Structure formats: C-alpha cells, structure tokens
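# Examining the three-dimensional arrangement
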Amino acid sequence: MGASGFDILPAIDLRGGRVVRLRQGDFARETTYSVDPVAVALEFADAGAGWIHIVDLDGAREGGRAQRDTTRRLLAAVGDRLRCQLAGGLRTADAAATALGEGAARIVIGTTAIRDPVLVGRLVADHGPDRIVVALDVRNNVSVGEGWRDGTVGIEPAEALRRLADLGVEIFAVTAIERDGLLEGPDLALLSTLVSLDRGRVIASGGISSIDDVRSVRALGCSGAIIGRALYEGSLNLGDALASLNEPGRDE
C-alpha cells in the first residue's frame, strides 16, 4: 500500500491492443482512448501512481490470455516504476503462475473464483495472499462470473466474500457493474457492507469520478480504488487524487 494506507490504481483495459473502457461491462458500449498502452502506463507513472490495474478484456471474454503479448510489453516497460495488478482470462493454475512469473505483482481472479473457489484457495497457498486478488463483480446484489453477461448465476456478495476469505483470500476488488464506466459515483452501500465484514481488504471499483468519491470510499475503510474513465476524460486528475491522500486529518 501507499504511505497513506490507501492505493489508487489507474485502470488500463485492453481490447485488441487498444486502451478502452466499457460502460456497465457491455462490450457493445466501448470507447477507445489510446492505441499505445505503454505510453498510457508511463503517463500514470509520471503522475506519481504506484500501481496500475491492467485488464485483458478479450481474455476475460474468451477465457484465456488473449492480450498476453501486450501485457508482457506493459510489464516489461513499467515494471521498475509501477506495480501491476493483472486481470482477465486467468482461469488456471498455470496461467496464474505464468502471469506472476512475467512480472505482475498481483493477479485478479474473477469468474473462476465463483465457479471454482477451491482453485483460488490453492493459488493463495501457492503464491501468498498478497499476490491473489478476487474480483467480486456485482449486479443486482449478486456476485457473478462473466460479469458482462446478463443472467449469469452467482451468489450474494457478502456470502461470496466470506467463503473466499475462509479459503485464505485477503484482497477483494469489488465492482458495482451497474455503475461501472458511468461516472455516477461508487456504490457506497455495497462497499460499506463488505468492508464491515472485516474479512479482508476491499478495493473499490465502478463509478468513481471525483476526489470526493475517492475520499468517500477511503473513509468507509476501503484499501484502494480502481479508476478508469474519469482519468481518461478529465473529470478526475490523477495527481490531484494522489495528493488528496496526504491531506492532514485524512488517515482514516
């Protein structure tokens, strides 16, 4: 974590080698922001970021590492300046180990965490709880695998978190899908419920669009925030957000 005990993780979502954002996880509602992911990552590093959150959207959809070449270039280019949290298509023990071996500081397991929680427990045992993050993608108060698809079977978020914490998971990235990419603010009620369980660190994702949103999720007890569209469209300046973490009296 940063010195404040809270990390801001700028998101780099990859599709076909481009940096994009989806609205509410919908592949049909895509906006392209750059064709040079390495340049974007270096800009975040120059602004003072300590982490980036890289998502292989094609891999998440296809169930494998579709953007492996691009993510490897990213890891090689910025690994000495930024810690990288890598998500998308990591559904086997081998894929997880390979991603960590290529330089990812942490990997994020999403769909597999819902479908095969025992595997997630094995990953934590093999690599340590600081290197495995579980993504809880929540739609209509249900944690779902393949979060971009409507009607996917899942379980209630608090129950999902408890079950996975029992298997050793200590870090959870929580996304309210209905708010993702809309710049309408985070789901504070959902985040508060999960933080109050006191079963691990909760990283907030979805809807964060202002410094006030960052302050709000931090005040709830979240350990970090993943921010995407707000940084690309200018409603939130990364340097200002990072500076806000060091404001006097904000060490909640």
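Note that the structure is predicted; figures quoted are calculated from it, not measured.

## Description of the overall build of the protein chain
Across its full length, the protein chain holds 11 helices and 12 strands. Overall, the protein chain is about 40 × 40 × 35 Å in size when its C-alpha atoms are taken along their principal axes. Counting only residues that meet the buried cut, the protein chain has 53% of its 252 residues in that class. Of the roughly 10,200 Å² that the protein chain leaves accessible, carbon and sulfur atoms contribute 44%. Of the charged side chains in the protein chain, 28 are positive and 36 negative, and the gap between their average positions amounts to 3 Å.

## Observations regarding the nonpolar core
Among soluble globular proteins, nonpolar side chains are generally buried collectively. Counting residues in each nonpolar core, the largest one holds 64 residues, and the members touching the most others are Ile8, Ile12, Ile52, Ile107, Leu136, Phe172 and Ile227. When neighbours within four sequence positions are excluded, Phe172 is seen to be in contact with Val133, Val134, Leu136, Leu161, Leu164, Ala165, Arg199, Gly200, Arg201, Val202 and Ile203. Of all hydrophobic cores here, the second largest spans 16 residues; its members include Leu9, Trp51, Val55 and Ile171.

## A look at the pairing of strand S7 (residues 132–139)
Along S7, 7 of the 8 residues are buried, which leaves the element largely enclosed by surrounding structure. Two elements, strand S6 (residues 106–109) and S7, share 3 bridges in a ladder whose sense is parallel. Counterpart to Val108 in the pairing with S7 is Val133. Bridge count for S7 against strand S10 (residues 171–176) is 6 bridges, and the pairing is parallel. When the sheet's bridge partners are listed, Leu136 is paired in S10 with Val174. Relative to strand S8 (residues 142–144), S7 runs antiparallel, the two being bridged by 3 bridges. Opposite Val138, over in S8, you have Ser143 as the bridge partner. Counting the residues that bridge the hairpin from S7 to S8 gives 2 residues, and of these Asn140 lies at a positive phi of roughly 55°.

## Quick notes on the side chain of Gln85
Among the structural elements, Gln85 can be located in strand S5 (residues 83–87). At 2.9 Å, the side chain of Gln85 and the side chain of His53 are in polar contact. Each residue touching Gln85, except ones within four places of it in the same chain, is listed here: Leu9, Trp51, Ile52, His53, Ile54, Arg106, Val108, Val133, Ile203 and Ile226.

## A few points about helix H3 (residues 68–78)
Restricting attention to buried positions, one finds in H3 the residues Thr70, Thr71, Leu74, Leu75 and Val78. For H3, the angular spread of buried residues about the axis comes to 135°, placing them on one side. Among the exposed residues of H3, those pointing more than 90 degrees away from its buried face are Asp69 and Ala76. Buried residues in H3 make contact with strand S1 (7–15), helix H1 (37–46), strand S4 (51–56) and S5.

## Quick word on the packing of aromatic side chains
Counted under the stated rule, the structure contains 2 aromatic pairs. Taken together, a centroid distance of 5.0 Å and an interplanar angle of 20° make the contact between Tyr33 and Tyr232 stacked. Linking Tyr33 in strand S3 (residues 26–34) with Tyr232 in helix H10 (residues 229–233), this pair joins segments that are 199 residues apart in sequence. Measuring from centroid to centroid gives 5.9 Å for Phe44 and Tyr232, while their planes differ by 70°, and the two rings are edge-to-face. One end of the pair, Phe44, is in helix H1; the other, Tyr232, is in helix H10, and 188 residues separate them in sequence. According to the relative accessible area criterion, Phe44 is buried, its value standing at 9%. An aromatic cluster is defined as three or more aromatic residues linked by ring pairs; in this entry it consists of Tyr33, Phe44 and Tyr232. Sitting over the face of the ring of Trp51, Arg106 holds its NZ or CZ atom 3.9 Å from the ring centroid.

## Quick notes on the packing of helix H8 (residues 188–196) against helix H9 (residues 211–220)
In contact at an axis separation of 9 Å, H8 and H9 are set at 25° when each is read in the N-to-C sense. In terms of orientation, H8 and H9 fall into the roughly parallel class. Two packed elements cross with a definite hand, and for H8 against H9 that hand is right-handed. In contact with Leu188, Leu191, Ser192 and Val195 of H8, H9 contributes Ser216, Val217 and Leu220. A per-class count over the contact of H8 with H9 returns 5 nonpolar, 2 polar and no charged.

## Examining the side chain of Arg65
Looking at the secondary structure, you find Arg65 in the loop between helix H2 (57–62) and H3. Within the structure, Arg65 has its side chain in polar contact with the side chain of Thr71 (distance 3.1 Å). Sequence-distant contacts of Arg65, that is, excluding residues within four places in its chain, are made with Asp56, Thr71, Leu86, Gly89, Leu90, Thr98, Ala99 and Glu102.

## Remarks on unusual backbone geometry
For Asn140, which is not glycine, the phi dihedral falls at a positive 55°. Looking at where Asn140 falls in the secondary structure, it is placed in the loop between S7 and S8.

Reading the values: the criteria
Position numbers for residues count from 1 along each chain, tracking the sequence in the order it is written. Predicted model: local features are reported for residues with pLDDT of at least 70 only, side-chain atom pairs are reported and counted for 80 or more only, and whole-chain, interface and lining totals are derived from all residues. Processing note: side-chain calculations cover all non-hydrogen atoms of the structure and skip hydrogens and water entirely. Under the scheme used here, helices are H or I runs from DSSP no shorter than 4 residues and strands are E runs no shorter than 2 residues, and both carry numbers assigned from the N terminus. Only protein chains enter the accessibility calculation, which uses a 1.4 Å probe; a residue is then buried when its area is under 20% of its type maximum, exposed when over 50%, and partly exposed in between. Residue-level accessible areas treat just the shown protein chains as cover; the underlying method is Shrake-Rupley with a 1.4 Å probe. His residues and chain termini do not enter the charge count, which takes Lys and Arg as positive and Asp and Glu as negative. Just so you know, the charge point we use is NZ for Lys, CZ for Arg, CG for Asp and CD for Glu. In this text, buried Ala, Val, Leu, Ile, Met, Phe, Trp, Tyr and Cys residues form a nonpolar core when linked through side-chain atoms within 4.5 Å. For this analysis, residues touch if any pair of their heavy atoms sits within 4.5 Å. DSSP bridges decide pairing: two strands pair if at least two such bridges lie between them. Two N or O atoms count as a polar contact when they lie within 3.5 Å, although within protein this holds only if one can serve as hydrogen donor and the other as acceptor, and sequence-adjacent residues are included solely when both atoms are side-chain atoms. Throughout, the arc means the angular range of directions from the helix axis out to the C-beta atoms. Centre distance within 6.5 Å is the pairing criterion for rings of Phe, Tyr and Trp, where only the six-membered ring of Trp is used; planes under 30 degrees apart are then read as stacked, over 60 as edge-to-face, and the remainder as tilted. Throughout this description, the term charge over a ring refers to an Arg CZ or Lys NZ atom that lies within 6 Å of the ring centre and within 35 degrees of the ring normal. Note on definitions: angles span 0 to 180 degrees between N-to-C directions of axes, and those axes are lines fitted to C-alpha atoms, for helices only across the stretch in contact. Roughly parallel means an angle under 35 degrees; roughly antiparallel, over 145; roughly perpendicular, 65 to 115; everything else is oblique. Should the near helix be turned anticlockwise from the far one by less than a right angle, the crossing is termed left-handed; should it be turned clockwise, right-handed. Under the convention adopted here, Pro, Cys and the residues Ala, Val, Leu, Ile, Met, Phe, Trp and Tyr are nonpolar, Asp, Glu, Lys and Arg are charged, and Gly plus all remaining residues are polar.

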